[in-house]
Amino acid sequence: MIELSHVNKHFGSHHVLRDITETIERGEVVVICGPSGSGKSTLIRTINRLEEIDSGQIRVDGRDIHGPGVQIDRFRSGIGFVFQQFNLFPHLTVLENCTLAPVHLQGLEQGNARQKAITVLERMGVADKAGAYPAHLSGGQQQRVAIARALVMEPPVMLFDEPTSALDPEMIGEVLLAIKSLAHQGMTLVCVTHEMGFAREVADRILFMADGSILERASAEDFFAHPEHPRTRKFLSDIRSPFGRY
């Protein structure tokens with residue numbers, strides 16, 4: 001579903017992504033983890049061209065997304081992306097947030113878009129908030145609405161960029177449960193997260209990044225039980241310590 005080949009990205013003189021080559025299969029659930037500043041969020045943002053690359057190639061569902069003739073807005077509408085900060089339109093209700101793209105980008109009739117949105121909101125457990133505005137929702141509810149908004153477009157791929165980092169601790173579980181339900185439905189998911197319990201339970205594979213490179217790729221079981229790279233072992237040791245960040 002996703003192929004990255006020798007991808008490089010710089011911010012000025014800072015080499016953020018270093019010759020990244022990776023393949024993510026259709027229906028695979030991949031978690032990307034690593035210390036802050038390792039390039040995780042930049043990597044996931046290149047997959048839907050929120051960040052441009054300097055060299056290399058990225059193919060999504062067989063298509064070179066930097067190739068000639070790619071209409072960026074139309075391409076992005078087919079990739080579900082869930083941000084750290086929800087990014088809901090504050091002046092629109094939950095239902096309006098979820099019907100905006102299907103109507104304007106897919107040409108769906110308003111009634112059909114509403115019916116589709118309600119169905120997805122029910123899956124996320126927030127259908128009762130359809131008439132509410134984002135400011136009246138908890139952080140966990142806003143993030144579940146953001147997931148629903150992406151799902152309404154029926155994307156073949158869902159990307160999550162630290163979807164729980166802006167949430168209070170008591171709200172993290174409800175969002176992770178929502179993502180977990182998608183993983184069990186066979187969607188292709190790529191998730192940048194520090195929630196290692198979630199990674200252990202849900203991921204087919206875990207990619208560990210540091211200094212702009214993928215240093216380790218392994219099944220969830222092997223990643224936690226038999227980490228090979230010294231940086232991976234230190235990362236896991238730090239997060240398991242009583243004073244670890246996570």
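Preceding this section is the structure that the text describes.
Here is a short report on the structure shown in this document. (Residues numbered from 1 in each chain as written. Predicted model: local features only at pLDDT ≥ 70, side-chain atom pairs only at ≥ 80, totals over all residues. Heavy atoms only, no water.)

1. Remarks on the overall build of the protein chain
The helix and strand tally for the protein chain stands at 9 helices and 10 strands. The C-alpha radius of gyration of the protein chain comes to 18 Å, within 12% of the 18 Å expected for a compact globule of 246 residues. Taking all 246 residues of the protein chain together, the buried fraction comes to 52%. If you sum the accessible surface of the protein chain, you get close to 11,400 Å²; carbon and sulfur atoms cover 48% of it. Counting 25 positive and 30 negative side-chain charges, the protein chain places the centres of these two groups 2 Å from one another. (Helix = DSSP H or I, 4+ residues; strand = E, 2+ residues; numbered from the N terminus. Rg over C-alpha atoms; globule rule 2.2 N^0.38 Å. Buried < 20%, exposed > 50% of the residue type's maximum accessible area, 1.4 Å probe, protein only. Areas by Shrake-Rupley, 256 points an atom, 1.4 Å probe, with all protein chains shown as cover. Lys, Arg positive; Asp, Glu negative; His and termini not counted. Charge placed at Lys NZ, Arg CZ, Asp CG, Glu CD.)

2. Quick notes on the packing of helix H5 (residues 139-151) against helix H6 (residues 169-183)
Orientation of H5 relative to H6, taken along the N-to-C sense of each, is 20 degrees, at an axis distance of 8 Å. Considering their axes alone, H5 and H6 lie roughly parallel with respect to each other. Where H5 crosses over H6, the two elements pack in a sense that is right-handed. Residues Gly139, Gly140, Gln141, Gln143, Arg144, Ile147 and Leu151 of H5 form the contact with H6, whose own contacting residues are Met171, Glu174, Val175, Ala178, Ile179 and Leu182. Across the contact of H5 with H6, the residue classes tally to 7 nonpolar, 4 polar and 2 charged. (Axes fitted to C-alpha atoms, helices over the stretch in contact; angles between N-to-C directions. Parallel < 35°, antiparallel > 145°, perpendicular 65-115°, else oblique. Left-handed = near helix turned anticlockwise from the far one by under 90°. Contact = heavy atoms within 4.5 Å. Nonpolar A, V, L, I, M, F, W, Y, C, P; charged D, E, K, R; others polar.)

3. Points about the sheet that holds strand E1 (residues 2-11)
In spatial order, the strands read E2-E1-E4-E5; together these 4 strands make up an open sheet with antiparallel pairing. Unpaired on one side and paired on the other, strand E2 (14-24) and strand E5 (63-64) mark the two borders of the sheet. Relative to E2, E1 runs antiparallel, the two sharing 7 bridges. Note that in E2 the partner of isoleucine 2 across the bridge is isoleucine 24. (Pairing = 2+ DSSP bridges.)

4. Observations regarding the packing of helix H3 (residues 94-105) against helix H4 (residues 110-123)
Geometrically, a packed helix pair is captured by the angle between its two axes and the distance between the axes. Interhelical geometry of H3 versus H4 gives an angle of 125 degrees and a closest axis separation of 9 Å. Comparing the axis directions of H3 and H4 gives the class oblique. Judged by the twist between their axes, the crossing of H3 over H4 is right-handed. Note on element contacts: H4 touches H3 through Gln110, Ala113, Arg114, Ala117, Ile118 and Leu121, opposite Val94, Leu95, Cys98, Thr99, Pro102 and Val103. Residue composition of the contact of H3 with H4, by class: 9 nonpolar, 2 polar and 1 charged.

5. Some points on the pairing of strand E4 (residues 55-60)
Summarising the sheet, E1 and E4 pair through 5 bridges and their orientation is antiparallel. Among the inter-strand pairings, isoleucine 2 is bridged to a residue of E4, identified as valine 60. For E4 and E5, the ladder comprises 2 bridges, and the chain directions are antiparallel. Paired with arginine 59 across the strands is aspartate 64, a residue of E5. Where E4 folds back on E5, the antiparallel hairpin that results is connected by 2 residues, among which aspartate 61 adopts a positive phi of roughly 55 degrees.

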